[in-house]
There are 2 protein chains.
Amino acid sequence: MIPCVKCGRVESLMKAGFVRGKQRFFCKDCTYYFTLPNPKERSERRGRHQTTIIDIAQDLGVSNSTVSRALHNHPDINPNTRKAILDKAIELDYQPNQLAHSLVKSRTNTIGIVVPEFLTQFFPNVIVGAQRVLRQADYNLMIMQSGESYETEVANTKALLANRVDGLLVSMSHETNNYDHFLSFEKRDIPVVYFNRVIEGLGTHKVVANDYRGAFAAVEHLILNGYRRIAHLGGPPNLLISQERLRGYQEALRKYGHPLLPELVIHGDFTAQKALIYGQHLLDMAQPPDAIFAVNDPTAIEVLALAKAKGIRIPEELGVVGFSDDPIAVHIGKGLTTVKQPTTQIGEAAAKLILGLLRGEQANLSPQTIVLEAELVVRGSSIKAAG
Amino acid sequence: MIPCVKCGRVESLMKAGFVRGKQRFFCKDCTYYFTLPNPKERSERRGRHQTTIIDIAQDLGVSNSTVSRALHNHPDINPNTRKAILDKAIELDYQPNQLAHSLVKSRTNTIGIVVPEFLTQFFPNVIVGAQRVLRQADYNLMIMQSGESYETEVANTKALLANRVDGLLVSMSHETNNYDHFLSFEKRDIPVVYFNRVIEGLGTHKVVANDYRGAFAAVEHLILNGYRRIAHLGGPPNLLISQERLRGYQEALRKYGHPLLPELVIHGDFTAQKALIYGQHLLDMAQPPDAIFAVNDPTAIEVLALAKAKGIRIPEELGVVGFSDDPIAVHIGKGLTTVKQPTTQIGEAAAKLILGLLRGEQANLSPQTIVLEAELVVRGSSIKAAG
DNA sequence: TTATGTATCGGTAACGTTTGCGAACACGTT
DNA sequence: AACGTGTTCGCAAACGTTACCGATACATAA
């Protein structure tokens with residue numbers, strides 16, 4: 001039945017076991033082992049096929065290098081051939097294959113960004129800013145969202161690494177205490193810029209708002225409006241923004257000779273849930289505070305809701321200041337006094353910084369920290385007189 | 001000085017012009033033209049180098065195919081060699097190169113999503129939902145944001161095409177009237193799922209909220225609460241969601257025998273700016289409406305602010321209902337009645353649908369439309385009795 | 001002529017993976 | 001020692017692009 005693939009004879013063939021489930025044959029004459037190759041699945045080849053440079057080249061009878069050059073305005077190409085190639089490219093609806101391009105150039109023109117969440121306005125705004133300047137520099141942005149989970153954050157960064165992003169923008173989750181997944185970028189000479197959620201130790205490039213000055217201004221404002229027992233509902237203590245906002249709070253108190261009472265400082269984790277618990281605790285104290293400076297707006301809003309439920313009048317009995325100027329802040333009650341952060345600008349600054357690093361500027365310079373000013377926005381929740 | 005690269009003789013060599021700025025030589029004996037090759041930039045090779053399969057293979061003295069198979073649990077590999085390879089992979093901190101992988105498999109395991117904006121909560125929520133189910137199926141999500149601009153939308157889709165995404169999720173900008181950039185995906189057999197912002201004509205897979213029912217419920221609710229002259233601040237007329245919400249508005253009026261007054265229906269474009277202009281127009285009419293059903297919450301909120309400025313009491317003199325249940329809606333005034341959309345579920349449904357398409361299920365089935373129910377959330381802005 | 005230069009184009013080795021199929025052994029059985 | 005059967009591994013071709021060199025065919029200057 002079956003002829004030998006070498007000598008073609010049938011009589012000298014015999015079965016010789018199995019390889020990967022396929023019958024193996026042995027020809028006694030040739031002393032040659034072989035299995036029957038799978039019938040090529042034809043028509044599957046031409047199934048899902050994006051037109052490539054080779055298609056254009058073959059259609060026109062030129063080499064693919066000529067096509068590649070023509071598509072990139074290389075001077076070595078005759079204007080006529082160039083035109084023919086460009087026309088053919090349009091005719092065949094050619095779209096360049098970024099994957100192959102990136103593979104040979106070992107550059108993807110993509111930078112990754114990982115943010116903890118999407119549910120407040122902050123990070124989307126940062127992304128809009130970053131995307132604007134990156135697009136202009138012909139870079140793509142690969143957006144990842146960790147959901148405040150260390151585990152997904154690691155998975156995210158691994159995916160970005162596998163996709164060979166040229167750079168990384170990071171605002172880390174509040175769970176994150178191990179930074180190896182970030183350091184593995186720097187180990188590969190892939191520039192990393194941290195923004196907003198940064199930690200003290202990592203000696204690298206950062207973009208942050210001036211949390212200290214913002215917090216200081218907020219608490220000073222409370223003091224100047226006659227509040228005397230000012231509490232602070234803080235963020236996760238490992239994050240620099242928490243530390244800086246706490247420091248601003250403390251310095252403002254110190255400046256005006258107010259005592260620093262440890263019982264009036266509680267660290268939360270940015271969530272409304274914890275804010276509820278700790279806010280409750282504060283308001284239920286024997287000597288409750290007459291003002292609360294919250295680490296962010298969701299926390300402050302929770303406090304406002306709590307006060308409303310308890311019949312505590314805002315701002316007469318309790319002054320409240322938040323942080324980040326969420327769009328909700330305008331509409332809530334008589335308005336929530338808060339510290340406005342330059343969200344979009346943070347994104348823009350981070351993007352510009354990483355573009356500079358990619359261009360090799362400040363290659364061996366010391367890590368740069370860009371601080372953008374935050375602005376106190378005074379509304380109804382902190383003006384005793386207007387109450 | 002310089003010997004011929006062919007015969008090695010020095011005496012028969014002479015200069016022969018320049019090629020690309022480099023000196024060309026000519027050997028009279030060999031009649032051979034040549035230029036001196038550039039000295040290989042060494043040490044640049046080892047500069048930015050990610051460890052590859054080949055590195056592992058060479059370190060261990062095996063072939064790269066063996067390494068590849070070991071990393072993928074291929075049965076043909078001896079457990080000992082497999083272990084050695086896995087250990088070495090960890091030692092060298094090997095991270096697979098997705099680009100090369102995708103190139104040979106012609107599958108990126110990435111699906112793209114393009115949304116019009118990031119500034120309301122809606123799309124971030126959808127993305128969270130989509131990302132959740134995609135990650136579980138080991139797919140990555142590439143997020144693009146058109147900023148409501150047709151031009152960037154086209155650029156976005158082109159970038160996704162260049163990056164060879166396996167599928168596309170789209171909610172189009174309100175500027176979009178030409179759909180060629182989407183059709184070019186389908187032409188390449190890349191599945192596309194439209195969500196939320198879809199248009200009637202495109203006969204493809206869609207995921208939408210039940211805008212009609214939601215709008216109907218909203219307007220019916222207004223009618224049952226005694227409002228009689230109900231206006232509608234609509235969206236861009238080319239989008240299906242605008243059409244459906246308008247239809248719900250009209251059908252509800254018709255059911256209760258209210259007249260359909262064309263002067264009470266105005267089409268906006270989702271922006272607060274237009275909402276302000278058109279809202280002003282409505283409230284300044286000789287016979288102003290006593291209720292407004294807005295196409296989305298930002299529009300409704302703008303109306304509320306307008307009414308407050310004019311001293312119009314909510315809900316006694318003017319009932320207002322929005323659409324989408326923005327987080328602000330709870331906090332604004334006495335609360336904004338609105339229609340809550342299943343945002344996260346929309347993302348999940350769209351992702352599941354496209355995963356099914358990628359698996360080749362319903363390959364030749366008729367385009368599927370998934371409709372998720374929307375729910376009326378009644379708050380203070382529309383309850384006359386409670387006013 | 002001879003020497004020198006320009007304008008265009010092709011060949012080919014990379015980039016890092018995957019995969020079909022053959023090769024080289026290592027065992028038993030006869 | 002030949003035969004029969006498995007196991008384990010290497011070779012090499014693809015995937016689509018880029019870029020370094022050469023190789024022509026001419027043109028021009030000495």
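Just above, that's the structure.
Since the model is a prediction, treat every value here as computed from it, not as a measurement.

Participant: Even after reading the chapter, I still don't get unusual backbone geometry, so can you show me in this structure?
Facilitator: Where the residue is not glycine, phi is negative for most of them; where a peptide bond is considered, it is trans in most cases. Residues and elements named next belong to chain A. In the segment running from Ile314 into Pro315, the intervening peptide bond is cis, with an omega of 0°. You can see Pro315 is positioned in the loop between helix H11 (297-310) and strand E12 (319-321). Not every positive phi belongs to a glycine, and Asp189 is a case in point at roughly 65°. Take Asp189: it is sitting in the loop between helix H7 (180-187) and strand E7 (192-195).

Participant: Hey, could you run me through the protein's contact with DNA strand C in this one?
Facilitator: In the vicinity of DNA strand C lie 40 residues, with A:Thr66, B:Lys15, B:Gly17, B:Ser68 and B:Lys105 positioned nearest. Across the atoms of DNA strand C situated within 4 Å of the protein, the share located in sugar and phosphate is 64%. In the environment of DNA strand C, a base oxygen lies 2.9 Å from a nitrogen or oxygen atom belonging to the side chain of A:Arg69. The separation between a phosphate oxygen of DNA strand C and a polar side-chain atom of B:Lys105 is 2.7 Å. In terms of residue class, the surface near DNA strand C is made up of 14 nonpolar, 15 polar and eleven charged.

Participant: Hey, could you run me through the interface of chain A and chain B in this one?
Facilitator: One widely used convention gives an interface's size as the accessible area the parts lose upon coming together. At the interface, 49 residues of chain A touch 49 residues of chain B. Counting each side, the surface lost to burial between chain A and chain B is near 4700 Å², with a carbon and sulfur contribution of 52%. Three residues stand out in chain A for area buried against chain B, namely A:Leu99, A:Arg164 and A:Arg188, and they jointly supply 15% of the buried area on that side. Between chain A and chain B we count four salt bridges in total. Among the salt bridges present, the one from B:Lys187 reaches A:Asp93, with a minimum N-O distance of 3.4 Å. Counting the contacts that link chain A with chain B gives 16 residue pairs in polar contact (both at pLDDT 80 or more). Mapped by element, the contributors of at least two residues to the side of chain A that touches chain B are helix H4 (98-105), helix H5 (122-136), strand E5 (140-145), helix H6 (150-162), H7 and helix H12 (328-331) of chain A. Per-element accounting of the side of chain A that touches chain B gives the leading share, seven residues, to H6(A).

Participant: Please clarify how the protein's contact with DNA strand D should be interpreted in this entry.
Facilitator: Around DNA strand D, a shell composed of 40 residues is seen, among which A:Ile53, A:Tyr94, A:Lys105, B:Thr66 and B:Arg69 lie nearest. Here DNA strand D approaches the protein such that, of its atoms within 4 Å, sugar and phosphate make up 61%. The contact in question runs from a phosphate oxygen of DNA strand D to an N or O atom on the side chain of A:Lys105, over 2.6 Å. Between DNA strand D and the protein, one listed contact pairs a phosphate oxygen with a side-chain N or O atom of B:Thr81 at 3.0 Å. Put simply, the parts of the chain that give the surface near DNA strand D at least two residues each are strand E1 (13-19), helix H1 (53-60), helix H2 (64-71) and H4 of chain A together with strand E2 (22-27), strand E3 (32-35), helix H2 (64-71) and helix H4 (98-105) of chain B. Looking at the surface near DNA strand D, the element that brings in the most residues is H4(A), giving four residues. Within the surface near DNA strand D, the residues separate by chemical class into 15 nonpolar, 15 polar and ten charged.

Participant: Explain helix H8 (residues 211-224) of chain B to me, please; I cannot follow it from the model alone.
Facilitator: For an α-helix the count is 3.6 residues per turn, leaving residues at separations of three or four pointing the same way. Residues and elements named next belong to chain B. Here H8 spans 20 Å end to end across 14 residues, near enough to the 20 Å set by a 1.5 Å rise per residue. Looking only at H8, the buried set comprises Asp211, Tyr212, Gly214, Ala215, Phe216, Ala218, Val219, Glu220, His221, Leu222 and Ile223. Trailing H8 by a residue or two, Gly226 shows a phi angle of about 90°, which is positive.

Participant: Quick question: what am I supposed to make of H1(A) here?
Facilitator: All names here are of chain A. Ile53, Asp55, Ile56 and Ala57 are the residues of H1 that are buried. Put simply, Thr52 is the residue that caps the front of H1, since its side-chain oxygen is 3.0 Å from the backbone nitrogen of Ile54. After H1 finishes, the residue Gly61 shows a positive phi value of roughly 75°.

Participant: Sorry, what's going on with the nonpolar core here?
Facilitator: Note that soluble globular proteins tend to have their nonpolar side chains buried in a common cluster. Of all hydrophobic cores here, the largest spans 82 residues; its most connected members are A:Ile230, A:Phe293, B:Ile230 and B:Phe293. Not counting the four nearest positions on each side in its chain, B:Ile230 is found in contact with B:Val219, B:Leu222, B:Ile223, B:Tyr249, B:Leu253, B:Leu264, B:Asp290 and B:Ala291.

Participant: Is there a simple way to think about the sheet that holds strand E8 (residues 205-209) of chain B in this case?
Facilitator: Neighbouring strands of a sheet are bound in pairs by backbone hydrogen bonds; such pairs are parallel or else antiparallel. Residues and elements named next belong to chain B. An order of E5-E4-E6-E7-E8-E14 is seen for the six strands of this open sheet, with the pairing classed as parallel. A strand with exactly one partner marks an edge of an open sheet, and here the two such strands are strand E5 (140-145) and strand E14 (369-372). Each strand of the sheet is rotated relative to its neighbour by a mean of 15°, with strand direction disregarded. Of the strand pairs in this sheet, strand E4 (residues 110-115) and strand E6 (residues 167-170) are connected by four bridges, and their pairing is parallel. Bridged to Val114 within E6 is Val170. Where helix H7 (residues 180-187) meets the sheet, it contacts E6 and strand E7 (192-195), and its direction lies at approximately 145° from that of E7. Each of E4, E6, E7, E8 and E14 is contacted by helix H13 (residues 343-358), which is oriented at about 165° to E8, the strand it contacts most.

Thresholds, definitions, all that
- Residues numbered from 1 in each chain as written.
- Chains lettered and ligands numbered in written order.
- Predicted model: local features only at pLDDT ≥ 70, side-chain atom pairs only at ≥ 80, totals over all residues.
- Heavy atoms only, no water.
- Helix = DSSP H or I, 4+ residues; strand = E, 2+ residues; numbered from the N terminus.
- Near = heavy atom within 4 Å.
- Polar contact = N/O pair within 3.5 Å; in protein donor to acceptor, adjacent residues only side chain to side chain.
- Nonpolar A, V, L, I, M, F, W, Y, C, P; charged D, E, K, R; others polar.
- Contact = heavy atoms within 4.5 Å.
- Buried area = accessible area lost by both parts, 1.4 Å probe.
- Salt bridge = Lys/Arg side-chain N within 4 Å of Asp/Glu carboxyl O.
- Expected span 1.5 Å × (residues − 1).
- Buried < 20%, exposed > 50% of the residue type's maximum accessible area, 1.4 Å probe, protein only.
- Core = buried A, V, L, I, M, F, W, Y, C linked by side-chain atoms within 4.5 Å.
- Pairing = 2+ DSSP bridges.
- Axes fitted to C-alpha atoms, helices over the stretch in contact; angles between N-to-C directions.

The values are spatial; any link to function lies outside them.
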